[in-house]
Amino acid sequence: MKKLLLIPFLASIIWVSCDEEPPPVRFTDPEKPLLDTIYNGIAPAPDPKAILLMDITGVGCSNCPDAAVLAKNIVGNNPGRVNLLAVYPFIFPNHPLTNPYGGYDTLANADAEGLVTNLGSIVGLPTGIIDQIKISGNPFIAPSSWAGTVTTRLSQASPANIGLNAKWLVADNKARLEIKVQYHQNLPAGTKNLMYIGITEDNITGKQAHKDSAGGYAYKYKFMHVLRKLITPVTGDTLRETPVAGKVFEKHYYVKPRYNWKPDNLNAVVWIVNAATKEILQSAEVKLKP
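This report concerns the structure included in the present document. (Residues numbered from 1 in each chain as written. Predicted model: local features only at pLDDT ≥ 70, side-chain atom pairs only at ≥ 80, totals over all residues. Heavy atoms only, no water.)

## Examining the overall build of the protein chain
Part 1 of the reasoning: A tally of helices and strands in the protein chain yields 3 helices and 17 strands.
Part 2 of the reasoning: Counting only residues that meet the buried cut, the protein chain has 52% of its 290 residues in that class.
Part 3 of the reasoning: Taking the contacts inside the protein chain whose residues are at least 6 apart along the sequence as the reference set, 73% of them involve residues at least 24 apart.
Part 4 of the reasoning: Counting every atom, the protein chain has about 12900 Å² of accessible surface; 53% of that belongs to carbon and sulfur. (Helix = DSSP H or I, 4+ residues; strand = E, 2+ residues; numbered from the N terminus. Buried < 20%, exposed > 50% of the residue type's maximum accessible area, 1.4 Å probe, protein only. Contact = heavy atoms within 4.5 Å. Areas by Shrake-Rupley, 256 points an atom, 1.4 Å probe, with all protein chains shown as cover.)

Okay, here's the thing in structure tokens:
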């Protein structure tokens, strides 16, 4: 396996990344909403901007656990302002960085792959995406630059608030997810925004390549914020009207856990994207089983 030294670095951290090849794109069918409505309301007071950090990672990447720790610290240092997705692209079978280990849960999925390939081709792991912005034309940001980029993004304003509510239906073993996106400022006529909804899971125990573990592997590694699936298409769900102050877009969904998901560890992450620039304007997260 080749290794590539990534520079620049921050706070004397040097990251070593493993070479990847460009993946194909696979798509899964989106869920149908229970409620999908648009109406006018009173423009709310703006909520602070919440950042979305996507940690693009793989179980066979021995440097990826260090990036996961860094991402956790960034979230902890900015409570309520940074939402996190651990994104495991499928890439292709038998790739050493993403191929699942026999007998362990498969974290890689087509939705994770689609999110990544919609922005370009990664050249190494670990890497990340922060609000889908580009630095020097590149949407993929080295972990050594995550903290500084997040700090810069926190000073930005968002045109919309996202309200999330989840109700767990015990008898049906599923959640009802209620989403309300309300704009507090006018956007230019013809502006198109997209909504994305991802389901994540915490505390998944499995095998991870780990440079600090005996034998090079951690067999009881705790995977956090793992993107399990998208409720929306990988290209997003278009909000059907131009957003203006007071405009409300409301959608409700049922979320049924798959057989290997633990409901107590599931979350929903919602983010709004400018369709033209692909920049994430706002994000929010809620536990599915409060």
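## Structural notes on the pairing of strand β11 (residues 204–209)
Part 1 of the reasoning: Counting buried positions over the 6 residues of β11 gives 5, a clear majority of the element.
Part 2 of the reasoning: Examined bridge by bridge, β11 and strand β12 (residues 217–223) share 5 bridges and lie antiparallel to one another. If you follow Gln-208 over to β12, its bridge partner there is Ala-218. (Pairing = 2+ DSSP bridges.)

## Re unusual backbone geometry
Note: most residues except glycine have negative phi, and most peptide bonds are trans.
Part 1 of the reasoning: Cis rather than trans, the peptide bond between Leu-125 and Pro-126 has omega equal to -5°.
Part 2 of the reasoning: Even without being glycine, Asp-131 reaches a positive phi, approximately 55°.
Part 3 of the reasoning: Looking at the secondary structure, you find Asp-131 in the loop between β7 (127–130) and α3 (146–154).
Part 4 of the reasoning: Looking at Asp-131, the relative accessible area reads 0%, which means it is buried.
Part 5 of the reasoning: Residues other than glycine seldom take positive phi values, yet Asn-173 does so here, at roughly 50°.
Part 6 of the reasoning: Within the secondary structure, Asn-173 sits in the loop between β8 (160–169) and β9 (174–183).
Part 7 of the reasoning: Judged by relative accessible area, Asn-173 falls into the partly exposed class, the value being 34%.

## Some points on the side chain of Gln-182
Part 1 of the reasoning: Tracing the backbone through its elements, the reader meets Gln-182 in strand β9.
Part 2 of the reasoning: Within the local environment of Gln-182, its side chain forms a polar contact with the backbone oxygen of Ile-42, the two atoms lying 2.9 Å apart.
Part 3 of the reasoning: Among all residues touching Gln-182, those that are not within four sequence positions of it are Gly-41, Ile-42, Pro-44, Pro-159, Ala-160, Asn-161, Gly-246, Lys-247 and Val-248. (Polar contact = N/O pair within 3.5 Å; in protein donor to acceptor, adjacent residues only side chain to side chain.)

## Focus: helix α2 (residues 110–117)
Part 1 of the reasoning: Within α2, 8 of the 8 residues are buried, leaving the element largely enclosed by the surrounding structure.
Part 2 of the reasoning: Regarding α2, the residues found buried are Ala-110, Asp-111, Ala-112, Glu-113, Gly-114, Leu-115, Val-116 and Thr-117.
Part 3 of the reasoning: On its buried face, α2 is in contact with β4 (51–56), β5 (82–87), β10 (193–201), β13 (226–230) and β16 (266–274).
Part 4 of the reasoning: Between the side-chain oxygen of the N-cap and the backbone nitrogen of Asp-111 there are 3.2 Å, and the N-cap of α2 in question is Asn-109.

## Re the sheet that holds strand β15 (residues 247–255)
Part 1 of the reasoning: Pairing in this open sheet of 4 strands is antiparallel, and the strands run β3-β15-β9-β8 from one edge to the other. Among the strands making up the open sheet, the edge pair consists of β3 (35–40) and β8. With strand direction ignored, the average angle separating the axes of adjacent strands in the sheet is 15°.
Part 2 of the reasoning: Examined bridge by bridge, β8 and β9 share 10 bridges and lie antiparallel to one another. (Axes fitted to C-alpha atoms, helices over the stretch in contact; angles between N-to-C directions.)

## Let's talk about the nonpolar core
Part 1 of the reasoning: Among the nonpolar cores identified, the biggest contains 27 residues, and Val-181 and Leu-288 are the most heavily contacted of them.
Part 2 of the reasoning: Broken down by secondary-structure element, the contributors of at least two residues to this core are β8, β9, β10, β15, β16 and β17 (280–287).
Part 3 of the reasoning: Core analysis: the next-biggest nonpolar cluster, separate from the first, contains 25 residues, Met-54, Val-87, Ile-129 and Trp-271 among them. (Core = buried A, V, L, I, M, F, W, Y, C linked by side-chain atoms within 4.5 Å.)

## Observations regarding the packing of helix α1 (residues 64–77) against α3
Part 1 of the reasoning: Interhelical geometry of α1 versus α3 gives an angle of 25° and a closest axis separation of 10 Å. By the criterion of interaxial angle, the relationship of α1 to α3 is roughly parallel. Along this stretch, α1 crosses α3, giving a crossing that reads as right-handed. On the side of α1, the interface is formed by Ala-67, Leu-70, Ala-71 and Ile-74, while α3 contributes Trp-146, Ala-147 and Val-150.
Part 2 of the reasoning: The class makeup of the residues in the contact of α1 with α3 is 7 nonpolar, no polar and no charged. (Parallel < 35°, antiparallel > 145°, perpendicular 65-115°, else oblique. Left-handed = near helix turned anticlockwise from the far one by under 90°. Nonpolar A, V, L, I, M, F, W, Y, C, P; charged D, E, K, R; others polar.)

## Considering the pattern of salt bridges
A side chain with one charge may pair with a side chain of the opposite charge, provided their charged atoms come close.
Part 1 of the reasoning: Applying the stated rule across the entire model yields 13 salt bridges.
Part 2 of the reasoning: Between Lys-211 and Asp-66 there is a salt bridge; the shortest N-O distance is 2.8 Å. Separated by 145 residues along the polypeptide, Lys-211 in the loop between β11 and β12 and Asp-66 in helix α1 bring together distant segments of the chain.
Part 3 of the reasoning: Between Arg-153 and Glu-279 there is a salt bridge; the shortest N-O distance is 2.9 Å. Pair noted here: Arg-153 is in helix α3 and Glu-279 is in the loop between β16 and β17, with a separation of 126 residues, a long-range link.
Part 4 of the reasoning: Taking the relative accessible area as the measure of exposure, Arg-153 reaches 7% and is therefore buried.
Part 5 of the reasoning: Residue classification places Glu-279 among the partly exposed positions, given a relative accessible area of 27%. (Salt bridge = Lys/Arg side-chain N within 4 Å of Asp/Glu carboxyl O.)

## A short note on the environment of Thr-57
Part 1 of the reasoning: By the secondary structure assignment, Thr-57 is in the loop between β4 and α1.
Part 2 of the reasoning: Discounting chain neighbours no more than four positions away, the residues touching Thr-57 are Cys-64, Val-87, Tyr-88, Pro-89 and Leu-125.

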